[in-house]
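# Descriptive structure summary
This is what each chain is made of:
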Amino acid sequence: MCRLIDEGLRNHASRLDPRRWELVKDELRVFDPSGAGARATVRQSIELAAATFRERGGSYGHWNVIEATQFEMWTEKLVCELVRYHRHCEVVSRR
């Protein structure tokens, strides 16, 4: 996931808040997947990705529609990975 966030920061710098996403990466690295903190962080990260897409995901006319589409695809990939990790955290926490 951290590599995916790095990819977004590299390719969509104008649409992302780098400080916030660096913090997300740090939090994901710190938390034990079996703990409640990891699940809460992942839920917040999903909400952040969705809010970022809603606020900054549109195109400004035909001249950047491809970039906007690439940002949408990156956001969808990130949310899918976060959801998968959230499920993993839930499974691990039940053990």
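Look a little higher up for the structure.
Every value quoted in this text rests on a predicted model; they were computed, and no experiment measured them.

Before going further, it helps to examine the overall build of the chain. Helices and strands together make up the secondary structure of the chain, namely four helices and zero strands. From first element to last, N terminus to C terminus, the chain shows the α and β order α-α-α-α. Overall, the C-alpha framework of the chain stretches about 50 × 20 × 20 Å when taken along its three principal axes. Within the chain, buried positions represent 34% of all 95 residues. Residue pairs in contact within the chain that sit at least 24 positions apart in sequence constitute 67% of those at least 6 positions apart. Carbon and sulfur atoms provide 53% of the accessible area of the chain, an area that totals close to 6100 Å².

Here the focus is the nonpolar core. Residues Ile5, Leu16, Trp21, Val24, Leu28, Trp74 and Leu78 are the most contacted members of the largest nonpolar core, which totals 17 residues. Elements that contribute at least two residues to this core include exactly helix 1 (2-11), helix 2 (18-30), helix 3 (36-56) and helix 4 (65-93). Of all the elements, helix 4 adds the most residues to this core, at six residues. Beyond its immediate sequence surroundings of up to four residues, Trp21 is in contact with Ile5, Leu9, Leu16, Ser45, Leu48, Ala49, Thr52 and Leu78.

Basis of the calculations
- Residues numbered from 1 in each chain as written.
- Predicted model: local features only at pLDDT ≥ 70, side-chain atom pairs only at ≥ 80, totals over all residues.
- Heavy atoms only, no water.
- Helix = DSSP H or I, 4+ residues; strand = E, 2+ residues; numbered from the N terminus.
- Buried < 20%, exposed > 50% of the residue type's maximum accessible area, 1.4 Å probe, protein only.
- Contact = heavy atoms within 4.5 Å.
- Areas by Shrake-Rupley, 256 points an atom, 1.4 Å probe, with all protein chains shown as cover.
- Core = buried A, V, L, I, M, F, W, Y, C linked by side-chain atoms within 4.5 Å.

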